[in-house]
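Below, each chain spelled out in residue letters.
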Amino acid sequence: MSDNAKLEFKGEVYELPVITGSEKESAIDITKLRATSGLITIDNGFMNTGSCLSSVTFLNGEKGILRYRGYPIEQLADKSDFVEVSYLLYNGELPTKAQSDAFYADISKFASLPDGVKNILNQFPADAHPMGVVSSTVSALSCFYPEFLNPEATDEIKEKAITQLMAQVKIIMANFYRKTIGKDPVDSNPALGYSKDFLNMMFDGEIDDEVASALDTLLILHADHEQNCSASTVRVVGSSQANIFASVSSGVDALWGQLHGGANQAVLEMLEEIKNDGGDYEKFIAKAKDKNDPFKLMGFGHRVYKNFDPRAKIIKVACDTILEKLDVQDPLLEIAKGLEQAALKDEYFVQRNLYPNVDFYSGIIYKALGIPTNMFTAMFVLGRLPGWLSQWKELREDKVAKIARPRQVYVGETERNYKDISER
Ligand code: SDX
């Protein structure tokens with residue numbers, strides 16, 4: 001459905017088509033703006049700019065709604081599992097039993113890494129940040145699977161990419177963790193199921209089904225989030241027809257930042273700092289409000305959600321459940337709850353619609369599962385992989401997609417002549 005918007009500039013009126021999506025969101029299509037008016041737009045952080053039409057994920061920040069392919073996140077977290085949700089995101093429909101079994105069988109085919117990749121993993125220092133390890137090792141995979149370098153990614157390549165990367169990133173993370181604690185890697189055993197297999201590769205001893213289920217729910221909640229910073233990065237890199245490993249590796253790097261996926265590690269470090277400082281979270285709320293203090297309340301605020309992040313609500317309940325199940329008394333959880341309550345009543349946060357986001361409580365669960373803090377953002381990678389791959393596939397199948405190449409407004413020096421060094 002299309003309407004028109006009118007732009008008046010220097011006495012001229014320009015008609016711009018308006019497109020409306022299936023959830024009644026409307027956008028001005030400025031594809032021809034520069035050609036007709038000579039104007040471009042500027043939008044810091046792309047806060048008001050859509051990059052694509054997408055059918056993968058819908059979120060409404062004002063209402064706190066998140067749906068994968070139309071299914072509410074609450075239902076998927078309650079009824080589905082991470083492999084099934086990955087299939088849904090990638091293929092657009094929930095799988096039949098046969099499709100689900102075939103999909104997981106494909107993931108299970110990649111129960112190991114090429115020896116060369118294992119050698120690369122062994123070269124990293126034990127104190128390397130896991131995000132640097134994952135990003136560089138995913139990029140290195142392109143050296144071992146040349147068939148993925150085909151610029152015209154075939155359907156077979158696209159299909160193989162999701163199952164291969166879902167399996168191999170899990171192994172890369174677990175194998176590197178074992179190296180950091182001086183233990184030999186544990187082979188993947190896909191028969192355990194995706195999340196239990198990961199925990200089994202990480203830790204010695206029997207893995208509790210409820211613990212594996214809690215992790216599976218966390219992975220579902222992280223699986224996609226429309227055009228966030230890292231998904232947009234995967235799309236930008238994919239738009240040049242770079243291969244899938246290069247695109248995903250770039251997404252890993254974008255997610256690393258503490259304003260994005262790196263926030264889950266930063267939340268734990270912030271809570272530890274508050275605990276070590278005597279637990280006075282009001283003091284840290286004051287710091288977060290102080291314009292002269294760069295400190296931000298990690299895990300709070302969101303570009304889109306101006307209401308509760310629906311994922312944070314689910315994770316908070318899961319937090320209580322899993323800590324009770326594991327009989328873990330984590331003082332950081334009590335600090336987090338106190339901090340949340342205090343911030344939600346504080347005018348500064350209320351006025352700016354700052355609520356807990358997906359990263360606020362997730363680190364507390366990862367910590368209870370025994371996952372080291374510096375691996376929290378890598379856990380976000382594991383969850384977000386199917387989302388990135390679904391967005392990349394949608395981009396590569398979009399017949400009108402063009403290479404991403406924004407414009408700019410130049411504000412530098414106007415033309416001037418070169419001066420010999422003796423004249424400067
Ligand atoms: C993720 O996009 C996604 O979908 C991301 C994600 C996904 O699933 O992919 O949901 C995952 O990245 C979640 C966000 C994790 N990051 C954090 O928790 C870091 C802390 N949060 C902030 O840095 C911030 O809220 C952002 C980066 C998340 C959003 O920043 P915006 O949209 O650019 O908003 P802003 O920085 O312009 O903030 C608006 C106002 C400012 O104050 P004023 O200039 O109006 O006075 O709110 C203030 C900000 O200073 N503010 C905060 C704050 N977040 C915003 N003040 C204190 N603490 C905070 N956390």
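## Re the overall build of the chain
Here is step 1 of the chain: A count of helical and extended segments in the chain gives 18 helices and 6 strands.
Here is step 2 of the chain: Taken over C-alpha atoms, the radius of gyration comes to 23 Å for the chain, in line with the 22 Å a tight globule of 424 residues would show.
Here is step 3 of the chain: Dimensions along the principal axes, computed over C-alpha positions, put the chain at roughly 75 × 65 × 55 Å.
Here is step 4 of the chain: Taken over 424 residues, the chain has a buried fraction of 47%.
Here is step 5 of the chain: Expressed as a percentage of contacts within the chain between residues at least 6 apart in sequence, the contacts between residues at least 24 apart total 71%.
Here is step 6 of the chain: When the accessible surface of the chain is totalled, it reaches about 21400 Å², and 51% of it is carbon and sulfur.
Here is step 7 of the chain: Of the charged side chains in the chain, 46 are positive and 60 negative, and the gap between their average positions amounts to 4 Å.

## Side note on the site of the ligand
Here is step 1 of the chain: Looking at the ligand, there are 24 residues lining it, with His225, His302, Arg303, Arg311 and Arg384 nearest.
Here is step 2 of the chain: Separating a nitrogen atom of the ligand from a backbone N or O atom of Phe300 is a distance of 2.8 Å.
Here is step 3 of the chain: Arg311 is positioned with one of its side-chain polar atoms (N or O) 2.6 Å from an oxygen atom of the ligand.
Here is step 4 of the chain: Within the complex, 78% of the 1100 Å² of free accessible area of the ligand lies under protein.

## Examining the sheet that holds strand β6 (residues 71–72)
Here is step 1 of the chain: Spatially, 3 strands are ordered β4-β5-β6 in an open sheet, and the strand pairing comes out antiparallel. Edge positions in the sheet fall to β4 (57–60) and β6, since each has one partner strand and no second.
Here is step 2 of the chain: Sheet topology places β4 next to strand β5 (residues 65–68); 4 bridges connect them, and they run antiparallel. Pairing of Leu59 across the sheet is with Leu66, part of β5.

## Description of the packing of helix α6 (residues 130–141) against helix α11 (residues 244–256)
Here is step 1 of the chain: Where α6 contacts α11, the axes come no closer than 8 Å and their chain directions differ by 170°. One element, α6, and the other, α11, form an angle in the roughly antiparallel class. Side by side, α6 and α11 meet where Met131, Gly132, Val134, Ser135, Val138, Ser139 and Leu141 of the first sit next to Phe245, Val248, Ser249, Val252, Asp253, Leu255 and Trp256 of the second.

## Remarks on the domain arrangement of the chain
Here is step 1 of the chain: As far as domains go, the chain holds domain 1 (4–65) and domain 2 (75–398).
Here is step 2 of the chain: Just the C-alpha atoms count here: the centres of domain 1 and domain 2 sit 31 Å apart.
Here is step 3 of the chain: On the domain 2 side, the residues contacting the 16 residues of domain 1 number 16 residues.
Here is step 4 of the chain: Across the domain 1 to domain 2 interface the summed buried area is about 1200 Å²; carbon plus sulfur atoms make up 56%.
Here is step 5 of the chain: The largest share of the area that domain 1 buries against domain 2 comes from Val56, Thr57 and Leu59, three residues that together contribute 42% of it.
Here is step 6 of the chain: If you look at where domain 1 meets domain 2, you find 0 salt bridges.
Here is step 7 of the chain: At the junction of domain 1 and domain 2, the tally comes to 7 residue pairs in polar contact (both at pLDDT 80 or more).
Here is step 8 of the chain: When residues in the side of domain 1 that touches domain 2 are grouped by element, the largest group, 3 residues, is from β4.
Here is step 9 of the chain: Across the side of domain 1 that touches domain 2, the residue classes break down as 6 nonpolar, 8 polar and 2 charged.

## With respect to the side chain of Ser135
Here is step 1 of the chain: Structurally, Ser135 is set in helix α6.
Here is step 2 of the chain: Judged by its relative accessible area of 7%, Ser135 is buried.
Here is step 3 of the chain: In this structure, Ser135 is in contact with Ser249, Val252 and Asp253, ignoring residues within four places of it in sequence.

## Some words on α11
Along an α-helix, residues three or four positions apart point the same way, because every turn accommodates 3.6 residues.
Here is step 1 of the chain: In this model α11 runs 18 Å from its N-terminal to its C-terminal C-alpha over 13 residues, within 8% of the 18 Å that 1.5 Å per residue would give.
Here is step 2 of the chain: Considered for burial, the residues of α11 that qualify are Ile244, Phe245, Ser247, Val248, Ser249, Gly251, Val252, Ala254 and Leu255.
Here is step 3 of the chain: Residues of α11 that are buried make contact with α6, α7 (155–180), α10 (229–238) and α18 (376–396).
Here is step 4 of the chain: At the N-terminal end of α11, a side-chain oxygen is found 2.9 Å from the backbone nitrogen of Phe245, two or three residues along, and the residue is Asn243.

Cut-offs used in this document
Residues numbered from 1 in each chain as written. Predicted model: local features only at pLDDT ≥ 70, side-chain atom pairs only at ≥ 80, totals over all residues. Heavy atoms only, no water. Helix = DSSP H or I, 4+ residues; strand = E, 2+ residues; numbered from the N terminus. Rg over C-alpha atoms; globule rule 2.2 N^0.38 Å. Buried < 20%, exposed > 50% of the residue type's maximum accessible area, 1.4 Å probe, protein only. Contact = heavy atoms within 4.5 Å. Areas by Shrake-Rupley, 256 points an atom, 1.4 Å probe, with all protein chains shown as cover. Lys, Arg positive; Asp, Glu negative; His and termini not counted. Charge placed at Lys NZ, Arg CZ, Asp CG, Glu CD. Near = heavy atom within 4 Å. Polar contact = N/O pair within 3.5 Å; in protein donor to acceptor, adjacent residues only side chain to side chain. Pairing = 2+ DSSP bridges. Axes fitted to C-alpha atoms, helices over the stretch in contact; angles between N-to-C directions. Parallel < 35°, antiparallel > 145°, perpendicular 65-115°, else oblique. Domains from an automatic or database assignment. Buried area = accessible area lost by both parts, 1.4 Å probe. Salt bridge = Lys/Arg side-chain N within 4 Å of Asp/Glu carboxyl O. Nonpolar A, V, L, I, M, F, W, Y, C, P; charged D, E, K, R; others polar. Expected span 1.5 Å × (residues − 1).

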